[in-house]
Amino acid sequence: MSYSQNKNYVINKFKDWGDIVKREFPIGTDKSINVFVAYIDDMVNRTMLEEEIIKNFIVNVRIAPPNEISQIDTFEYIVNGGVTTADIKEAENIDDAILEVMSGNTLVLIENSNKILVVSSKGFPKRGVSKPETEIAVQGPQEAFAESLRINTVLIRRRIRSTELKCVQKKVGEISRTDVAVMYMENTADKRLVKKICNMLDKIDADMIYDSGFLEQYMEENEYSPFPQMQLTERPDKVAAELVEGRIALVVDTSPFVILLPAVLASFYQASEDYYQRWEIMSFIRIIRYISGFIAFALPGLYIATTLYNPSMLPTELVLTMAAARQKVPLPTVVEIVILELIFEALREAGTRIPASIGSTLGIVGGIIIGQAAVDANLVSPMAVIIISITAICSFAIPNIALVSAYRLIKYFIIFMSGIAGMFGFITALMAVILHMAGLKSFGVPYVAPFSGVTEGRYDKLKDTVFRFPYKNRKKTYFYKRLEEDADEQ
């Protein structure tokens, strides 16, 4: 389209936009050529735009003499004389240029030319780099991702100074057109998986992608499984380490969380701090995490199974003490446990929503005063309160909130089965969970790897699971890529 057609098209598209800036002004010594610019107010760096673009167009550009105007393209002549920033490009069509304007860039149209110039001028409000809030580490880097795509990719590149680190950018969402960066190491990531992920992003049929959590739900292969099949993290150091291992990162604009895939169960028990302290203490802490993870979903069901159906499994003194404590409790054991669990879920949710200044007060009131009052009123037994408290504490020992959420749902399934069939129901429910995990895959990688399917000579994969072996004893292996190679060999 011509200059006037493009200008009118832009004006009509941005009709009734109170925050759009549209201006046409003449340039050159004789003011014979007009330039039209359009940008969204407060989404651009106005200082850069006014000093480097508009001022240069008006003051510094000189139109070529008549004897040279036929020998040089007017567009190229004006751009080279009036644009001093290097980050410019020519848009393929006017719709692409409008999309760039909505992303914070500036559209420039030049009279007597049908070309469309896009100048990078992003300067919208954004939060700076702050400390992690959900993945706190006592020792190690104290940087977290922000809501800006470019800030997040820079934080990753700062840690991986290699040309092997690739970044493929996509736009997802029919309306939002959210920028998503696919980052991977060319020499370690599985090329088939990278291609598959890019194809999945292109095929997502969604109007809006607000956050990485939206993207995760659109991309997961088994949406009916309670277990997370992708890992979200707010720590750049963790993403950099996992990229070197062969994983792929999805950086979503407007989201402070980066998606890592594939994901296996062992990866959700690992924290960044594991690698900043000595291997002995961190191996011990990992063992604590695995035990806590089992207790977090199994202890209430195990308590119901043993007290209702198999009390002979417990010491006689303990059984008599528990029976004496329950003499005046009117509720059945299963109902008692479920009610206490639901009350704790309500307390957890309330503690998340209320201001931080009174969050600790709520925990004290809910956990101690209400619990003690319920025991004194003979509504629940002291042992039930202890069981629920231990379960809650163990759930907080798991470093990934998505896995904790999965365990919260599984816990009720095990309680239900234990209440119906006792220890047989407990074992059946536990086996059902294990079989489900054994059959689950995350983008072709078994969810329980490397605990299963480890071939001879590949035991180095186990040196960073339950235990973290010393760095000198670990070979330089690319865990996730070699898992794919194992599948091909089998």
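Residues numbered from 1 in each chain as written. Predicted model: local features only at pLDDT ≥ 70, side-chain atom pairs only at ≥ 80, totals over all residues. Heavy atoms only, no water.

Draft legend 1. How the structure looks around empty space enclosed by the protein. On inspection of all chains with the given rule, the structure shows one cavity of 30 Å³ or more. Roughly 80 Å³ of internal volume is contained in the largest cavity. Going through the elements one at a time, helix 11 (333-353), helix 13 (382-396) and helix 14 (401-439) are the ones with two or more residues in the lining of the largest cavity. The class makeup of the residues in the lining of the largest cavity is seven nonpolar, two polar and four charged. (1 Å grid on protein atoms, 1.4 Å probe; cavity = no way out; pocket = protein on both sides within 12 Å on 5 of 7 lines; lining within 4 Å. Points joined across faces, edges and corners; volume = space filled by probe spheres on them. Helix = DSSP H or I, 4+ residues; strand = E, 2+ residues; numbered from the N terminus. Nonpolar A, V, L, I, M, F, W, Y, C, P; charged D, E, K, R; others polar.)

Draft legend 2. Region of interest: the sheet that holds strand 7 (residues 178-185). Judged by pairing direction, the sheet is antiparallel, and its five strands sit side by side in the order 6-7-9-10-8 without closing on themselves. Both edges of this open sheet fall to strand 6 (165-172) and strand 8 (231-233), since each of them pairs with a single strand only. Here the strands of the sheet are splayed against their neighbours by 25 degrees on average, with no regard to which way each runs. Taken together, the four bridges between strand 7 and strand 9 (residues 248-252) define a ladder with antiparallel strand orientation. In the strand pairing of strand 9, Ala181 is matched with Val251. Docked against the sheet, helix 7 (residues 212-219) engages strand 6, strand 7, strand 8, strand 9 and strand 10 (258-261), running at close to 130 degrees with respect to strand 9. In the packing of helix 8 (residues 236-244) onto the sheet, contacts are made with strand 6, strand 7, strand 8, strand 9 and strand 10, and the angle to strand 7 comes to roughly 50 degrees. (Pairing = 2+ DSSP bridges. Axes fitted to C-alpha atoms, helices over the stretch in contact; angles between N-to-C directions. Contact = heavy atoms within 4.5 Å.)

Draft legend 3. Just the nonpolar core, in detail. In terms of nonpolar packing, the biggest core is built from 30 residues, with Phe227, Leu403 and Tyr407 touching the most fellow members. Elements supplying a minimum of two residues to this core: helix 9 (279-308) and helix 14. If one sorts the elements of this core by residue count, helix 14 sits on top with 13 residues. Setting aside residues up to four positions removed in sequence, Phe227 forms contacts with Leu403, Ala406, Tyr407, Ile410, Val433, His436, Met437, Leu440 and Tyr447. Ranked by size, the runner-up nonpolar core spans 22 residues in total, among them Val182, Ala189, Ile209 and Leu261. (Core = buried A, V, L, I, M, F, W, Y, C linked by side-chain atoms within 4.5 Å. Buried < 20%, exposed > 50% of the residue type's maximum accessible area, 1.4 Å probe, protein only.)

Draft legend 4. Broad picture of the packing of aromatic side chains. Counted according to the given criterion, the structure contains ten aromatic pairs. On the basis of an interplanar angle of 85 degrees and a centroid distance of 6.4 Å, the ring pair of Phe227 and Tyr407 is categorised as edge-to-face. With Phe227 in the loop between helix 7 and strand 8 and Tyr407 in helix 14, this pair connects stretches of sequence that are 180 residues apart. Taking relative accessible area as the criterion, Phe227 reaches 2% and is therefore assigned buried. A residue is classified by how much of its surface remains accessible, and Tyr407, at 5% relative accessible area, is buried. Note on Phe294 and Phe297: the rings are 5.7 Å apart at their centroids and 75 degrees apart in plane angle, and the pair reads as edge-to-face. Placement of the pair is Phe294 and Phe297 together in helix 9, with a separation of three residues, close to one helical turn. We classify Phe297 as buried; its relative accessible area is 9%. Aromatic ring contacts, followed pair by pair, group Phe227, Phe268, Phe294, Phe297, Tyr407 and Tyr447 into a single cluster. (Phe/Tyr/Trp six-rings, centres within 6.5 Å; stacked < 30°, edge-to-face > 60°.)

Draft legend 5. Representation of the packing of helix 11 against helix 14 within the structure. At a minimum axis distance of 11 Å, the contact between helix 11 and helix 14 shows a crossing angle of 165 degrees. In terms of orientation, helix 11 and helix 14 fall into the roughly antiparallel class. For the crossing formed where helix 11 meets helix 14, the hand is left-handed. Touching Val334, Ile337, Val338, Glu341, Leu342, Glu345 and Arg348 of helix 11 are Val404, Arg408, Lys411, Tyr412, Ile415 and Gly419, all from helix 14. For the contact of helix 11 with helix 14, a count of residues per class yields seven nonpolar, one polar and five charged. (Parallel < 35°, antiparallel > 145°, perpendicular 65-115°, else oblique. Left-handed = near helix turned anticlockwise from the far one by under 90°.)

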